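# Commentary on secondary and tertiary structure
Residue-level listing of the chains:
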Amino acid sequence: MSRIQIAVGFDPREAVAYHVFCQSVLARASQPVAFTPLALNTFNSYTEAHTDGSNAFIYSRFLTPYLMDYQGWAIFADGDMICLDDIAKLWALRDESKAVMVVKHDYKTKAHEKYLGNKNQDYPRKNWSSVILWNCAHPANRCLDPQYVMTHPGSHLHRFAWLDDALIGEIPKEWNWLTTEYPDNYDAKLLHYTLGTPCFKDYAESEMAELWHAEHDKINQGMGA
């Protein structure tokens, strides 16, 4: 059985979020998974040159096809998430006719500041790139190498401007449910704490934070914590 490849955003300021997300996936997965943390210190051919962005992986996510040697499929997910269903169900949505598949959010933010005082501005296709089902082998994604990502602005990358719109497939909103921004949804499959992971004290009691804390507690079970 082939492994589900998952590239996960990693920011050292909220390293615990990465581990909680991975735990939440592993607890429910029915197929083998392989995690690739997008930690900038592990990249030899990429130097982050962008000066904007609220997290360390805001641009490295677009290197996923490159990191997978332009073969097969991979899931990218921000680290500030928890998975509440079998990730194999998301994997099963792959459509070979598409270069990427995303939740096509269309919303205006409720908060213009998020974790660590970062600005939270509205822009076209906001949060489309926070969960990406990548067709790494699709010819349209071959342009995505370190040089391309380093030299193109966020307005180009986060809007998937290198692709014809017909190549951008859609996945159900439940696979990238924006807590606080959207109403509480306890049937959602992938919760995204986009304004702030509950590991930050300012968001420790935010909407649906108790579910994140429950996943965090599972890491400590059996360790005497």
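In the block above lies the structure referred to throughout.
This part is about the pattern of salt bridges. As enumerated under the stated definition, the model contains 7 salt bridges in all. Put simply, D78 and R61 hold a salt bridge, and the shortest N to O gap is 3.1 Å. Of this pair, D78 sits in the loop between β3 (73-77) and β4 (81-83) while R61 sits in the loop between β2 (33-38) and α2 (64-67), and the two are 17 residues apart along the sequence. Taken individually, D78 and R61 each receive the classification buried, so the pair is uniform in this respect. Put simply, E215 and K218 hold a salt bridge, and the shortest N to O gap is 3.1 Å. Of this pair, E215 and K218 both sit in helix α6 (residues 209-220), 3 residues apart, which is roughly one turn of that helix. On the accessibility criterion, K218 (31% relative accessible area) is partly exposed.

A separate point is the packing of aromatic side chains. Following the criterion strictly, the structure yields 11 aromatic pairs and no others. Arranged with centres 6.4 Å apart and planes meeting at 75°, the rings of Y66 and Y70 form a pair that is edge-to-face. Three or more aromatic residues joined by ring pairs make a cluster, and in this case those are F62, W134, F160 and W162. Cation over ring: R142 sits above Y70, and NZ or CZ is 4.2 Å from the ring centre. Cation over ring: K173 sits above Y182, and NZ or CZ is 4.8 Å from the ring centre.

Here the focus is the pairing of β2. Summarising the sheet, strand β1 (residues 4-9) and β2 pair through 6 bridges and their orientation is parallel. When the bridges of β2 are listed, G9 appears paired with L38. For the crossover that starts at β1, traverses helix α1 (residues 15-26) and ends in the parallel β2, the hand is right-handed.

A few words now on the nonpolar core. By size, the foremost hydrophobic cluster in this structure holds 28 residues, and its most contacted members are W134, F160, W162 and L163. Within the second largest apolar cluster, 26 residues are counted, among which are F10, A39, I75 and L90.

Turning our attention to the sheet that holds strand β8 (residues 177-178). Overall, mixed pairing links the 3 strands, which are arranged β4-β9-β8 in an open sheet. Each edge of the sheet is formed by a strand with only one pairing partner; in this case those strands are β4 and β8. Strand direction decides the pairing type here: β4 and strand β9 (residues 190-192), joined by 3 bridges, are antiparallel. Bridge pairing in β9 places I82 opposite L191. Of the strands in this sheet, β4 and β9 touch α1, which is tilted by about 10° from β4.

Attention now goes to the sheet that holds β2. What the 6 strands build is an open sheet, ordered β2-β1-β3-β6-β5-β7; its pairing is mixed. Where the open sheet ends on each side, the last strands, each with one partner, are β2 and β7 (168-170). Between one strand axis and the next, the sheet turns by 25° as a mean value, whatever way the strands run. Where β3 lies against strand β6 (residues 131-135), 5 bridges are found, and the strand directions are antiparallel. From the neighbouring strand, I75 faces β6, where its bridge partner is L133. Together, β1, β2 and β3 form the strand contacts of α1, whose direction differs from that of β2 by roughly 165°.

Reading guide: rules and limits
- Residues numbered from 1 in each chain as written.
- Predicted model: local features only at pLDDT ≥ 70, side-chain atom pairs only at ≥ 80, totals over all residues.
- Heavy atoms only, no water.
- Salt bridge = Lys/Arg side-chain N within 4 Å of Asp/Glu carboxyl O.
- Helix = DSSP H or I, 4+ residues; strand = E, 2+ residues; numbered from the N terminus.
- Buried < 20%, exposed > 50% of the residue type's maximum accessible area, 1.4 Å probe, protein only.
- Phe/Tyr/Trp six-rings, centres within 6.5 Å; stacked < 30°, edge-to-face > 60°.
- Lys NZ or Arg CZ within 6 Å of the ring centre and 35° of its normal.
- Pairing = 2+ DSSP bridges.
- Right-handed = clockwise from strand over helix to strand, strands pointing away.
- Core = buried A, V, L, I, M, F, W, Y, C linked by side-chain atoms within 4.5 Å.
- Contact = heavy atoms within 4.5 Å.
- Axes fitted to C-alpha atoms, helices over the stretch in contact; angles between N-to-C directions.

So yeah, pure geometry; function would need other evidence.
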